[in-house]
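# Architecture and fold: a report
Here is how the chains run, residue by residue.
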Amino acid sequence: MKNLEKIENLLRFALTKNIGTITINRLLKHFGSSDYILGASEEELKKVKGIRSNQIAAILSAPKVDPRAELDLAAEHDVKIIAYDDPMYPKSLLYSPDPPYMLYLKGSLKPKDIKAIGVVGTRHASRYGREQSERFGKDLAQAGYTVVSGLARGVDTLAHRGALAVSGRTIAVIGSGLLHVYPPENRDLLSEIASTAAVISEFSMDTSPTRNTFPRRNRIIAGMSLGILVIEAPARSGALITSRQAQEMGRSVFAVPGMVDQEQSQGCHNLIRDGAILTTGIRDIVSEIGDGKEIEVSDNSVLPFTEENNNLQQEVVNSNESMILKSLGTEVIHIDELCAEVKLTIAEVSSTLMILELRGLVVSEPGAFYRKI
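Residues numbered from 1 in each chain as written. Predicted model: local features only at pLDDT ≥ 70, side-chain atom pairs only at ≥ 80, totals over all residues. Heavy atoms only, no water.

## Points about the sheet that holds strand 5 (residues 170–173)
What the nine strands build is an open sheet, ordered 1-2-6-5-4-3-7-8-9; its pairing is mixed. With one partner strand each, in any of the chains shown, strand 1 (80–83) and strand 9 (277–278) form the two edges of the open sheet. Bridge count for strand 1 against strand 2 (residues 102–107) is four bridges, and the pairing is antiparallel. Of the residues in strand 2, the one forming a bridge with Ile 81 is Tyr 104. In the packing of helix 13 (residues 266–273) onto the sheet, the strands contacted are strand 7 (227–231), strand 8 (252–256) and strand 9, and the crossing angle to strand 8 comes to about 130°. Running at roughly 165° to strand 8, helix 14 (residues 282–289) makes contact with strand 3 (116–121), strand 7, strand 8 and strand 9 of the sheet. (Pairing = 2+ DSSP bridges. Helix = DSSP H or I, 4+ residues; strand = E, 2+ residues; numbered from the N terminus. Contact = heavy atoms within 4.5 Å. Axes fitted to C-alpha atoms, helices over the stretch in contact; angles between N-to-C directions.)

## Some words on the packing of aromatic side chains
On inspection of all chains with the given rule, the structure shows one aromatic pair. Over the ring of Tyr 145 we find Lys 115; its NZ or CZ atom is 4.8 Å from the centre of that ring. Over the ring of Phe 136 we find Arg 135, and its NZ or CZ is 4.8 Å from the ring centre. (Phe/Tyr/Trp six-rings, centres within 6.5 Å; stacked < 30°, edge-to-face > 60°. Lys NZ or Arg CZ within 6 Å of the ring centre and 35° of its normal.)

## Some details on the nonpolar core
Looking at soluble globular proteins, one finds that nonpolar side chains tend to be buried together. With 39 residues, the main nonpolar core has Phe 13, Leu 27, Ile 81, Tyr 104, Leu 151 and Val 199 as its most contacted residues. Of all elements in the fold, only helix 1 (3–14), helix 2 (21–31), helix 3 (34–38), helix 5 (53–61), helix 6 (68–76), strand 1, strand 2 and helix 10 (187–196) reach the threshold of two or more residues within this core. Excluding its chain neighbours within four sequence positions, the residues that come into contact with Leu 27 are Gly 32, Ile 37, Leu 45, Val 48, Ile 51 and Ile 59. (Core = buried A, V, L, I, M, F, W, Y, C linked by side-chain atoms within 4.5 Å. Buried < 20%, exposed > 50% of the residue type's maximum accessible area, 1.4 Å probe, protein only.)

## Focus: helix 6
Those residues of helix 6 that fall on the buried side of the exposure criterion are Glu 70, Leu 71 and Ala 74. Here the buried residues of helix 6 occupy an arc of 100° about the axis, which is enough to place them on one side. Among the exposed residues of helix 6, those oriented more than 90 degrees off its buried face are Arg 68, Ala 69, Asp 72, Ala 75 and Glu 76. Of the surrounding elements, those touching the buried residues of helix 6 are helix 1, strand 1 and strand 2. Asp 78 sits one or two positions beyond helix 6 and adopts a positive phi of about 60°. (Arc of directions from axis to C-beta.)

## Here we look at the pattern of salt bridges
Counted under the stated rule, the structure contains 13 salt bridges. With its nearest N and O atoms 3.8 Å apart, the salt bridge here joins Glu 42 to Lys 46. With Glu 42 and Lys 46 both in helix 4 (residues 42–46) and four residues apart, this pair spans about one turn of that helix. Exposure remark for Lys 46: the relative accessible area of 47% places this residue in the partly exposed category. Between Arg 219 and Asp 98 there is a salt bridge, with the nearest N and O atoms lying 3.3 Å from each other. Taken together, the residues span a long stretch of sequence, with Arg 219 in helix 11 (residues 213–224) and Asp 98 in the loop between helix 7 (91–94) and strand 2 at a distance of 121 residues. (Salt bridge = Lys/Arg side-chain N within 4 Å of Asp/Glu carboxyl O.)

## Details of the sheet that holds strand 10 (residues 333–334)
Strand order in this open sheet of three strands is 10-12-11, and the pairing throughout is antiparallel. Either end of the sheet is taken by a strand with one partner, and the two such strands are strand 10 and strand 11 (362–365).

## Comments concerning the environment of Ala 14
Of note, Ala 14 is situated in helix 1. Linking Ala 14 and Val 332, residues 318 residues apart in sequence, is a C-alpha distance of 32 Å. Not counting chain neighbours up to four residues away, the residues in contact with Ala 14 comprise Tyr 101 and Met 102.

## Notes on unusual backbone geometry
In this chain, Tyr 182 is followed by Pro 183 through a cis amide linkage whose omega measures 0°. With respect to the helices and strands, the residue Pro 183 is situated in the loop between strand 5 and helix 10. With a phi angle near 75°, Asn 18 is a residue other than glycine that sits in the positive phi range. Within the secondary structure, Asn 18 sits in the loop between helix 1 and helix 2. Unusually for a residue other than glycine, Lys 343 sits at a positive phi of about 60°. Assignment of secondary structure puts Lys 343 in the loop between helix 17 (335–342) and helix 18 (346–358).

## Considerations on the environment of Ser 33
With respect to the helices and strands, the residue Ser 33 is situated in the loop between helix 2 and helix 3. Judged by relative accessible area, Ser 33 falls into the buried class, the value being 14%. For the pair Ser 33 and Arg 123, spaced 90 residues apart in sequence, the C-alpha separation works out to 40 Å. There is a polar contact of 2.3 Å between the side chain of Ser 33 and the side chain of Asp 35. (Polar contact = N/O pair within 3.5 Å; in protein donor to acceptor, adjacent residues only side chain to side chain.)

## Thoughts on the side chain of Thr 146
Mapped onto the secondary structure, Thr 146 falls in strand 4 (residues 146–149). A relative accessible area of 2% means that Thr 146 is categorised as buried. Setting aside its immediate chain neighbours within four residues, Thr 146 contacts Lys 112, Asp 113, Lys 115, Ala 116, Ile 117, Arg 169, Thr 170 and Ile 171.

## Notes on the packing of helix 9 (residues 155–165) against helix 10
With their axes 11 Å apart at the nearest point, helix 9 and helix 10 run at an angle of 45° to one another. The pairing of helix 9 with helix 10 is recorded here as oblique in orientation. As for the relative orientation of helix 9 and helix 10, their crossing is left-handed in sense. Residues Thr 157, His 160, Arg 161 and Leu 164 of helix 9 form the contact with helix 10, whose participating residues are Leu 189, Glu 192, Ile 193 and Thr 196. Its residues assigned to classes, the contact of helix 9 with helix 10 shows three nonpolar, three polar and two charged. (Parallel < 35°, antiparallel > 145°, perpendicular 65-115°, else oblique. Left-handed = near helix turned anticlockwise from the far one by under 90°. Nonpolar A, V, L, I, M, F, W, Y, C, P; charged D, E, K, R; others polar.)

Okay, here's the thing in structure tokens:
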């Protein structure tokens, strides 16, 4: 199927009410492609596990949706729309639970963005929190990491600015359509990020930010990152949602300690108490994840499971990969059990599994389970 036709089909789903990402991912897994979904009968749709009657009605109405206005709007604002199998689609996000089947992209993504750390925290950062956010943004970028954050006030904004200050790469994931910059005072920051790296969203161009859109944004930040760094977060914070999502995906969680009597620090202290890595500098991140050299991929990389990737699939380049492959079978195993078996940290196992997935040797299942192909 031609790429434009695929994008038009996916837009028909995105612009139809009652059809969410999980539903489309189930349908794509069942039918194989978007055109087969659009051509499916009601009886065929009923055979798909987990699809409700109101969703079936919505899917049957999707072919009537005209996506041309949305395509024109995206083109007018220099926004690309990329599908899940586009080579530019972030590989680590592709292998996370519930990945968006389509992304709106302003700017450009590069394969080296797989070496990314998500930086999140409170919108109401103290002076200390603002200083640490900018500091870590700079240090991560200088160490070769792409800084991923959510363009929110406070920690997010300063982390983005820190990376930009040293000419590093930073990606903003927003909880709205690209016509609605939130917060509005970050419009210039969004433009600067788009000109040097990328701003992405899974929402249609004219989607306004709501309480429901931000948690969905957070899972993309977690999915794109090897680990999540939390800098200042109260006991109840959206940043903690992101860290929990990252943990469920097998990613590392780092937390910066703060002043013990400040509410903005309580979320970080609770994370450290519950097992997050106490982080005072970039060395704490590098010692857990590594310098990232083993996970860099070339600009000519392709998606797994394609004919062009056959040679890459056979390549195993280090002992961790070899050891993990020997421990995996065709039956699923949880990442915690795999860590115990190979005697490696969850960060080492998680990053290695990601590369094995990119090579088409391993597949992930919901709930942080993995198996060999």
